[in-house]
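# Secondary and tertiary structure notes
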Amino acid sequence: MIKLVVFDLDNVIIDGEAIDEIGKLANVEDEIAEITEKAMQGEIDFETSIKDRVQLLEGTSIEEIEKVADELPLMPGACDTIARLKEEDLDVAIISGSFDVVADKVKDKLGVDTVYTNSFTVEDGKLTGEVTGPLVSCSKLDVLNDHVEKAGISLDEVVAVGDGANDISMIESAGCGIAFNAKDSVKEIADVVVEEKDLTKVLDEILNQLTTEDTENDAVEDEEAEEVEVEATEEVEETEETEDAEAEVEETEEVEAEDAEEVEEVEEAEVEAEDAEEVEEAQEEETEAKKSKKDLPKSEFVLADTMEGVRKQKDEKEAEIAQIAEEREEFNKIAKEQRKIRDELNASLKENLNKAIEYRNERNEINKAVEAAKKARNDANNQIKNLEWSSGKRDKVKIENEIKKIDKIIETRVLDIKKENQLVKNANDLRKQLMDIQEDESVKEEAQELRKLSEEEHEKVITLSEQAQAAHEEMLTYFRKTDDIRTAADDAHKKFIEARNNASAKHEEFKAVLSDIHVINKKLGSNKPRKRRSDKKSSSGSNKNREEKERAEEIFEKFKQGGKVSTEELLLLQKYNIN
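Quick summary incoming for the structure in this document. For every chain, the first residue of the written sequence is number 1, and numbering continues from 1 along that sequence. Selection of residues for local features in this predicted model requires a pLDDT of at least 70, selection of side-chain atom pairs for listing and counting requires 80 or more, and totals for whole chains, interfaces and linings are taken over all residues. Neither water nor hydrogens contribute to the side-chain values; these are computed over all heavy atoms in the structure.

## Describing the overall build of the protein chain
Put simply, the rule reads: What counts as a helix is a DSSP run of H or I of at least four residues, what counts as a strand is a run of E of at least two, and both are numbered from the N terminus. Contacts are assigned to residue pairs with any non-hydrogen atoms lying within 4.5 Å of each other. Methods summary: accessible areas were calculated by the Shrake-Rupley approach with a probe of 1.4 Å, and residue burial reflects only the protein chains presented.
Helix and strand counts for the protein chain come out as 18 helices and seven strands. Residue pairs in contact within the protein chain that sit at least 24 positions apart in sequence constitute 70% of those at least 6 positions apart. Total accessible area computed for the protein chain in this model is approximately 32,000 Å², and 46% of it derives from carbon and sulfur atoms.

What follows is the structure, encoded as structure tokens:
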């Protein structure tokens, strides 16, 4: 029973990607769109993508963003869809990695009950480049699990609608997952795929399910009513027949109404096996509908001309239905095994992904320490330079450059003796000044300490960089493992779907043969339910009743052909209501 419908926001409730439109304000729409596409395809994890995109928006005015949010168009059919779902008394929620500045406006416009989104961090009216919220590091399934727990419902009672990789967790876990104009990875795991950009198509699918649920419930109620009617009829018969009929009706309520004699015994074992499988598939309602006689296909079976021939046909059909049931059970077994493998792989996938994220976070923390060490090293080097300049080194360098310049002129040019002597004198005077300059000893000591600090910080940079590289390699290793596990899980899921489809096909064959058996039983006059027994053997009383009934049928055939009927034979006809 559907109780909650959950939608993604971007490209589902609104016709566009909100952050891409906001990116135009900061002239970074291309960079943001590229990251968005990678996230939608599942090439990068959502936490990284949302942080990277929001970082690009640093300094953008929140007031301008609110204007953009007001102008974002709703998806065609959004208003009608939400309104109709509310008319059906269904709760509606939005779970999106987008932002409250957009989602809150949509919530007010459409009357959505609950919204889960992220938030920009704002200071002085501008984005800081940081993002917070439940969907930064948590998955949509985590948020959905919290919601259904608080609401007191189960995931089987949820319809989830989405389009991107970060929607997969909730689409796969919900009772019904709908891929709406979605990526291929989403379509592969969804129960329903909608390709048109019109939310009323999603509404149609949900309403169809609601109608199916009502029909199945009506079928069960009709079946129970038939069983009550049979029970009431049986109460007016003889004591021994009444007790047997009541036992038959009671057992029939547990499995299936109006099945036929030996076929019922075969069907009971096989339907019970099927039920065990489909309970795990969360398809109990569908199973109940399949049990209903009204769901059986119309039979075109041609009966034999004689009663002996009809009985032979019944034996053949019972053997056929037993074989089909065995094949169906084998397919259900395969489906169960592959589902278990898939679920175990998905659990392993989550563990490996978490491990990869742990190493990524460790690498990022180490890189922060690397940057801090670099800054400390560079600060020390700058202080050394300042000390050297302030202690006379600047003057020394200047004088040395002047001396070099004079010496070069004397060496490379032809000068008269007077000018050359003047240059030599100038150079000698500069050399005397150079000798008089003395560096401050305290400054030298401070500079030495700073050089030591610079070397220590540089060693930290080297060591931490190696650690960061090691964490990065570990991260890549676990990400590669997740790719391998995801491939194996996808393969197991495909096998599960294939086996489940094969089991469904076999069940359709089972129903077709069962329909033929109902035709046969009607001809034999034995389509009335009887009590099933685990050893598949009738009691002596049941055997006696069956023999009497067969004898009564033979008497009636004799009577129709003009034969005389004794009082004892007439009473036997009345007992089994043959006329």
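## Considering the pattern of salt bridges
To be explicit about the condition: The working definition used for a salt bridge is a side-chain nitrogen of Lys or Arg within 4 Å of a carboxyl oxygen of Asp or Glu. Relative accessible area decides the class of each residue, using a 1.4 Å probe on protein chains only: under 20% of the type maximum gives buried, over 50% gives exposed, and in between gives partly exposed.
Applying the stated criterion across every chain, the model contains 30 salt bridges. The closest approach of N and O atoms between K183 and E37, which form a salt bridge, is 3.4 Å. Residue K183 is found in the loop between β6 (176-180) and α9 (184-189), and its partner E37 is found in helix α2 (residues 29-40); the two are separated by 146 residues along the sequence. When its relative accessible area of 22% is taken as the criterion, K183 is described as partly exposed. In this structure E37 comes out as partly exposed when scored by relative accessible area, which is 36%. The closest approach of N and O atoms between K506 and E327, which form a salt bridge, is 2.5 Å. Of this pair, K506 sits in helix α16 (residues 441-524) while E327 is found in helix α14 (residues 307-412), placing the two residues 179 residues apart along the sequence. In this structure E327 comes out as partly exposed when scored by relative accessible area, which is 27%. Members of the salt-bridge network, linked through shared partners, are D8, K140 and D167.

## A closer look at helix α6 (residues 100-110)
Every α-helix carries 3.6 residues per turn, so stepping three or four residues along brings you back to the same face. Along α6, the residues that are buried comprise V101, V102, A103, V106 and L110. On its buried face, α6 is in contact with α1 (18-23), α4 (62-71), α5 (78-87), β2 (91-99) and β3 (114-123). Within two residues after α6, G111 carries a phi angle of roughly 75 degrees, on the positive side.

## Focus: the packing of α4 against α6
For the record, the criterion: A fitted line through C-alpha atoms represents every axis, and for helices the fit uses only the stretch in contact; the resulting angles, taken between N-to-C directions, go from 0 to 180 degrees. Roughly parallel means an angle under 35 degrees; roughly antiparallel means over 145; roughly perpendicular covers 65 to 115; every other angle is labelled oblique. Crossing handedness follows the turn of the near helix against the far one: under a right angle anticlockwise gives a left-handed crossing, and clockwise gives a right-handed one.
Contact pair α4 / α6: the axes reach a minimum separation of 9 Å and the direction vectors enclose 40 degrees. When the interaxial angle is binned, α4 and α6 end up oblique. In this structure, α4 crosses over α6, and the sense of that crossing is right-handed. When α4 is examined against α6, the residues I65, E66, A69 and D70 are found in contact with a partner set consisting of V101, V102, K105 and K109.

## Overview of the nonpolar core
So the rule is basically this: The criterion is simple. A nonpolar core is a set of buried Ala, Val, Leu, Ile, Met, Phe, Trp, Tyr and Cys residues joined through side-chain atoms within 4.5 Å.
Formed by 53 residues in total, the largest nonpolar core has its most connected members in F7, I13, F120, I178, L199, V202 and I206. Per element, the largest residue contribution to this core is six residues, and it comes from helix α10 (residues 199-234). Ignoring anything within four residues of it in the chain, the contact list for I206 reads I2, V5, L85, L90, V159 and I178. Judged by nonpolar contacts, the second largest core, of 19 residues, contains V6, A93, A179 and A182.

## A closer look at the sheet that holds strand β5 (residues 158-162)
Applied cut-off: Strand pairing is assigned whenever DSSP identifies at least 2 bridges connecting the two strands.
Within the open sheet, the seven strands sit side by side as β4-β3-β2-β1-β5-β6-β7. Their pairing is mixed. The sheet is open, and its two borders are formed by β4 (126-132) and β7 (192-194), each paired with just one other strand. Averaged over all pairs of adjacent strands, the angle between their axes in this sheet comes to 25 degrees, without regard to strand direction. Bridge count for β5 against β6 is four bridges, and the pairing is parallel. Residue pairing for β6: V159 is matched across the bridge by C176. Set on the sheet, helix α3 (residues 46-56) makes contact with β2, β3 and β4; between it and β4 the angle comes to about 175 degrees. Packing against the sheet, α6 makes contact with β2 and β3, and its axis sits at approximately 140 degrees to β3.

## A short note on a negative patch on the surface
Selection rule: To count toward a patch, a residue needs a relative accessible area above 30% and no salt bridge. Like charges then connect within 9 Å, nonpolar side chains (Val, Leu, Ile, Met, Phe, Trp, Tyr) within 5 Å. Just so you know, the count uses Lys and Arg for positive and Asp and Glu for negative, and it drops His and the chain ends. In this description, the location of a charge corresponds to atom NZ of lysine, CZ of arginine, CG of aspartate or CD of glutamate.
Taken together, E172, D184, E188 and D490 make up a surface patch of like negative charges. Mapped onto the elements of the fold, D184 is located in helix α9.

## Topic: the pairing of strand β1 (residues 4-7)
Side chains L4 and V6 project from β1 onto one buried face, and the interleaved V5 and F7 project onto a second face that is buried too. Bridging between β1 and β2 involves four bridges; their strand directions are parallel. Bridged to F7 within β2 is I94. Bridge analysis of β1 against β5 gives four bridges, and the strand direction is parallel.

## A look at the packing of α2 against α3
Between two packed helices, what matters for the description is the angle formed by their axes and the separation of those axes. Here is the rule: Polarity classes work like this: nonpolar for Ala, Val, Leu, Ile, Met, Phe, Trp, Tyr, Cys and Pro, charged for Asp, Glu, Lys and Arg, and polar for all others, with Gly in that last group.
Running from N to C, α2 and α3 point in directions that differ by 170 degrees, and their axes come no closer than 10 Å. Comparing their axes, α3 and α2 come out roughly antiparallel. Only S49, D52, R53 and L56 of α3 make contact with α2, whose side of the interface consists of E31, I32, I35, T36 and A39. Its residues assigned to classes, the contact of α2 with α3 shows four nonpolar, two polar and three charged.

## A closer look at the side chain of S454
Threshold: We define a polar contact as two N or O atoms separated by no more than 3.5 Å, with the added condition that, inside protein, one atom must be a possible hydrogen donor and the other a possible acceptor, whereas residues neighbouring each other in sequence contribute only through side-chain atom pairs.
As for its placement among the helices and strands, S454 is situated in helix α16. Since its relative accessible area comes to 8%, S454 is described here as buried. At 2.8 Å, the side chain of S454 forms a polar contact with the side chain of N381. Contact partners of S454, with chain neighbours within four places excluded, come to R377, A380 and N381.

## Considerations on the packing of aromatic side chains
Rule in force here: Stacked, tilted and edge-to-face are the three classes assigned to paired rings of Phe, Tyr and Trp, where Trp is represented by its six-membered ring and a pair needs centres within 6.5 Å; plane angles under 30 degrees give stacked, over 60 edge-to-face, the rest tilted. The rule for a charge over a ring is simple: NZ of Lys or CZ of Arg within 6 Å of the ring centre, and within 35 degrees of the ring normal.
Applying the stated criterion across every chain yields a total of two aromatic pairs. Residues F99 and F120 carry aromatic rings whose centres are separated by 4.0 Å and whose planes lie at 20 degrees to one another, so their mutual orientation is stacked. In this pair, F99 sits in strand β2 while F120 sits in strand β3, placing the two residues 21 residues apart along the sequence. In this structure, F99 and F120 share a single accessibility class: buried. For the ring pair Y359 and Y478, a centre distance of 5.8 Å and an interplane angle of 20 degrees mean the geometry is stacked. Separated by 119 residues along the polypeptide, Y359 in helix α14 and Y478 in helix α16 bring together distant segments of the chain. Above the face of the F510 ring, R328 is positioned so that its terminal group lies 4.5 Å from the ring centre.

That's the geometry; what it means functionally is another story.
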